[in-house]
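Breakdown of the fold
Listed below are the residues making up each chain.
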Amino acid sequence: MISDKTQSPVRYPSDLTDEEWETLQPILEQLEPYTTGRPRTTDLREILNAIFYLNKTGCPWRYLPQDFPSYTTVNTYYNKWTDNQTLEKINTALRQHLREKKAELPTRQRRSLIVKASRVPRNRLSNRGSTGASLSREENDISFAIQWVA
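None of the values given here were measured: they were computed from a predicted structure. (Residues numbered from 1 in each chain as written. Predicted model: local features only at pLDDT ≥ 70, side-chain atom pairs only at ≥ 80, totals over all residues. Heavy atoms only, no water.)

Here we look at the overall build of the chain
The line we're drawing: By definition, any uninterrupted DSSP run of H or I lasting at least four residues is a helix, any uninterrupted run of E lasting at least two residues is a strand, and each is numbered from the N terminus. For the exposure calls, accessible area comes from a 1.4 Å probe over protein chains only, and a residue counts as buried if that area is under 20% of its type's maximum, exposed if over 50%, partly exposed in between. Residue contacts are counted whenever heavy atoms from the two residues lie within 4.5 Å of one another. Each accessible area is a Shrake-Rupley estimate made with a 1.4 Å probe; only the visible protein chains count as cover when residues are assessed.
On a plain count of helices and strands, the chain comes out with four helices and two strands. Its helices and strands taken in sequence order, the chain reads α-α-α-α-β-β from the N to the C terminus. Relative to its 150 residues, the chain shows a buried fraction of 22%. Pairs at least 24 residues apart make up 62% of the contacts formed inside the chain by residues separated by at least 6 positions. When the accessible surface of the chain is totalled, it reaches about 11800 Å², and 50% of it is carbon and sulfur.

Some remarks on the pattern of salt bridges
Any two side chains of opposite charge can pair, given that their charged atoms come close. Rule in force here: Each salt bridge in this description consists of a side-chain nitrogen of Lys or Arg and a carboxyl oxygen of Asp or Glu lying within 4 Å of one another.
Evaluation of the coordinates by the stated rule reveals four salt bridges. For the salt bridge of arginine 45 with aspartate 18, the shortest nitrogen-to-oxygen distance reads 2.9 Å. Within this pair, whereas arginine 45 is found in helix α2 (residues 44–57), its partner aspartate 18 is found in helix α1 (residues 18–31), the two being separated by 27 residues in sequence.

Regarding the layout of surface pockets
Note the threshold: Any residue with an atom within 4 Å of a point lines the site, the site being either a cavity, points on a 1 Å grid over the protein atoms alone where a 1.4 Å probe fits but cannot get out, or a pocket, an open set with protein on both sides within 12 Å along at least 5 of 7 lines. Grid points are joined across faces, edges and corners, and a volume is the space filled by probe spheres set on the points. Charged residues are taken to be Asp, Glu, Lys and Arg, nonpolar residues to be Ala, Val, Leu, Ile, Met, Phe, Trp, Tyr, Cys and Pro, and polar residues to be all remaining types, Gly included.
Its boundaries defined by the atoms lining it, the largest pocket holds a volume of some 380 Å³. Around the largest pocket, the lining is made up of 17 residues, and of these Leu16, Glu20, Phe52, Asn91 and Leu94 lie nearest the centre. Only α1, α2 and α4 (86–104) provide two or more residues apiece to the lining of the largest pocket. The dominant element in the lining of the largest pocket, judged by the number of residues it contributes, is α4, at eight residues. Within the lining of the largest pocket, the residues separate by chemical class into seven nonpolar, five polar and five charged.

Focus: the nonpolar core
Defined as follows: By nonpolar core is meant a set of buried Ala, Val, Leu, Ile, Met, Phe, Trp, Tyr and Cys residues that side-chain atoms within 4.5 Å join together.
Counting residues in each nonpolar core, the largest one holds 22 residues, and the members touching the most others are Trp21, Leu24, Leu28, Leu48, Leu64, Val74 and Trp81. Every element with two or more residues in this core is listed here: α1, α2, α3 (71–83) and α4. Here this core takes seven residues from α2, the largest share from any one element. Those residues within four positions of leucine 24 in sequence are excluded, and the remaining contacts are Leu16, Leu48, Ile90, Ala93 and Leu94.

A look at the side chain of asparagine 49
Selection criterion: Under this definition, polar contacts are N or O atom pairs within 3.5 Å; protein pairs additionally need one hydrogen-donor-capable and one acceptor-capable atom, and for neighbouring residues in sequence, both atoms have to be side-chain atoms.
By the secondary structure assignment, asparagine 49 is in helix α2. Among the polar contacts listed, one links the side chain of asparagine 49 to the backbone nitrogen of leucine 16, at a separation of 2.8 Å. In this view, asparagine 49 contacts Arg11, Ser14, Asp15, Leu16 and Phe68; residues no more than four positions away in its chain are not counted.

Structural notes on the packing of α1 against α2
What counts, and what does not: With axes taken as lines fitted to C-alpha atoms, and helix axes fitted only over the stretch in contact, angles between N-to-C directions fall between 0 and 180 degrees. Here the word oblique covers every angle except those under 35 degrees (roughly parallel), over 145 (roughly antiparallel) and from 65 to 115 (roughly perpendicular). Here is the rule for handedness: rotate from the far helix to the near one, and if that takes an anticlockwise turn smaller than a right angle the crossing is left-handed, while a clockwise turn gives right-handed.
One way to put it is that α1 packs onto α2 with a least axis distance of 11 Å and a crossing angle of 115°. Taken together, the axes of α1 and α2 are roughly perpendicular relative to one another. Note on packing geometry: the crossing formed by α1 with α2 is right-handed. When α1 is examined against α2, the residues Asp18, Trp21, Leu24 and Leu28 are found in contact with a partner set consisting of Leu44, Arg45 and Leu48.

Brief notes about the confidence of the model for the chain
The criterion, for reference: Residue-level confidence of the predictor, termed pLDDT, takes values from 0 up to 100.
Predicted confidence across the chain gives a mean pLDDT of 77, with 64% of residues reaching 70 or more. Within the chain, α3 carries the highest mean pLDDT (94), whereas strand β2 (residues 136–149) carries the lowest (60). Under a pLDDT of 50 for its full length, residues 1–6 has, in the predicted model, 10 contacts with residues more than four places off or in other chains. A low-confidence stretch, residues 132–136 stays under pLDDT 50, and its non-local contacts, those more than four residues away or across chains, total six contacts.

Here is the structure:
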């Protein structure tokens, strides 16, 4: 049975939001079914919060704050989830959730800048030499057009 301790919604910036946890909870229940043996006493959300905290801060395992489960428990889950690629699946699920959420937002019309460059051929008379003959040479000049598009 998981302890029902009351926790603030976000203690650290690296903590999972409720929305993220709702996305990840079914994945963890599918990948980590607890059907035999002693009941789990550790909250998997707290394990993930601890792993995200360690990843964000880079602190040593032993310096994990007391708000989280013991560092040995977190380390055990981390090693197990790294070996069976659960953390990769969690990352994929969070990324997919973020992309879907981003796609649902109404797209704002943004103004963008378009720069068009084109070459314009122009004929010019070149310098007259001592012979007095005129030579024509074709030069390419570049013209730019800048346009704001809504």
